[in-house]
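Structure assessment
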Amino acid sequence: WLEAVENAEVTLLDRWTVTLAPALRRRGKAETTNMVMNNYFGVGVDAKISLGFHTSRQTRPHLFTSRFLNKLVYAGTGWRELLHWGTQRSYAKLHTKLHLVCDGVVVPIPPGMEGVIVLNIPSYGGGCDLWRT
């Protein structure tokens, strides 16, 4: 394995800056947060499921002993979110809560959209090729 690492091709890392700003200004001053994005940045249902998985992994690390168990817990977290259809879906009506601007261009979020994922890699979610490249 170490020989494969030693002989691996060097690849440049594409890093983006993401700026988060609240929609409502408090006391006339908008506080923004800048974050560095290495692979992807998600808001909505995807992010909520990922956070649930992460929280489970930190509180019960003994359940995360294999790739299969990780996938099982992740699927269970997703199903729990699906079953909470209604008021607990903080990402519902995302188009009324999120204003997306990329390189100065406003990107409209369609009604019914429950998540936005910005990525700078060709695949997502365990290797899913979204653009079939």
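Residues numbered from 1 in each chain as written. Predicted model: local features only at pLDDT ≥ 70, side-chain atom pairs only at ≥ 80, totals over all residues. Heavy atoms only, no water.

**A word on the overall build of the chain**
When its secondary structure is counted, the chain shows three helices and six strands. When the helices and strands of the chain are placed in sequence order, the string is α-β-β-β-α-α-β-β-β. Computed over C-alpha atoms, the radius of gyration of the chain comes to 18 Å, more than 25% over the 14 Å expected from 2.2 N^0.38 for 133 residues, which places it beyond the range of a compact globule. Here the C-alpha coordinates of the chain stretch approximately 55 × 40 × 35 Å along the principal axes. Residues counted as buried form 16% of the 133 residues belonging to the chain. Sequence separation of at least 24 residues holds for 43% of the intrachain contacts in the chain that already meet a minimum separation of 6. As displayed, the chain offers around 10,900 Å² of accessible surface, 59% of which is attributable to carbon and sulfur atoms. Side-chain charges of the chain comprise 15 positive and 10 negative groups, with the mean position of each set lying 16 Å from the other. (Helix = DSSP H or I, 4+ residues; strand = E, 2+ residues; numbered from the N terminus. Rg over C-alpha atoms; globule rule 2.2 N^0.38 Å. Buried < 20%, exposed > 50% of the residue type's maximum accessible area, 1.4 Å probe, protein only. Contact = heavy atoms within 4.5 Å. Areas by Shrake-Rupley, 256 points an atom, 1.4 Å probe, with all protein chains shown as cover. Lys, Arg positive; Asp, Glu negative; His and termini not counted. Charge placed at Lys NZ, Arg CZ, Asp CG, Glu CD.)

**Quick notes on the pattern of salt bridges**
A full pass over the atoms with the stated rule returns one salt bridge. Here Glu81 and Lys48 are joined by a salt bridge, their closest N and O atoms 3.8 Å apart. Taken as a pair, Glu81 in helix α3 (residues 67–83) and Lys48 in helix α2 (residues 45–59) lie far apart in primary sequence, 33 residues in all. (Salt bridge = Lys/Arg side-chain N within 4 Å of Asp/Glu carboxyl O.)

**Let's talk about the side chain of Asn120**
Relative to the assigned elements, Asn120 resides in the segment after β6 (115–119). At 2.6 Å, the side chain of Asn120 forms a polar contact with the backbone oxygen of Asp14. Ignoring any residue separated from it by four or fewer positions in sequence, one finds Asn120 in contact with Asp14, Arg15, Trp16, Met37, Asn38 and Asn39. (Polar contact = N/O pair within 3.5 Å; in protein donor to acceptor, adjacent residues only side chain to side chain.)

**Comments concerning the confidence of the model for the chain**
Mean pLDDT for the chain: 82, with 91% of residues reaching 70 or above. The spread of mean pLDDT over the elements of the chain runs between strand β1 (residues 16–20), the lowest at 83, and strand β5 (residues 105–107), the highest at 90. (pLDDT = per-residue confidence, 0-100.)

**Some words on the packing of α2 against α3**
Where α2 contacts α3, the axes come no closer than 9 Å and their chain directions differ by 130°. Between α2 and α3, the angle is such that the two are oblique. Crossing geometry of α2 relative to α3 is assigned as right-handed. In this structure, α2 uses Val45, Asp46, Lys48, Ile49, Ser50, Gly52, Phe53 and Ser56 to contact α3, whose residues at the interface are Asn70, Val73, Tyr74, Thr77, Gly78, Arg80 and Glu81. Taken together, the residues of the contact of α2 with α3 break down into five nonpolar, six polar and four charged. (Axes fitted to C-alpha atoms, helices over the stretch in contact; angles between N-to-C directions. Parallel < 35°, antiparallel > 145°, perpendicular 65-115°, else oblique. Left-handed = near helix turned anticlockwise from the far one by under 90°. Nonpolar A, V, L, I, M, F, W, Y, C, P; charged D, E, K, R; others polar.)

**Some details on the packing of aromatic side chains**
For the coordinates displayed, the defined rule picks out two aromatic pairs. Taken together, a centroid distance of 5.4 Å and an interplanar angle of 85° make the contact between Phe53 and Phe64 edge-to-face. Of this pair, Phe53 sits in helix α2 while Phe64 sits in the loop between α2 and α3, placing them 11 residues apart in sequence. A network of ring pairs unites the aromatic residues Phe53, Phe64 and Tyr74 as a single cluster. (Phe/Tyr/Trp six-rings, centres within 6.5 Å; stacked < 30°, edge-to-face > 60°.)

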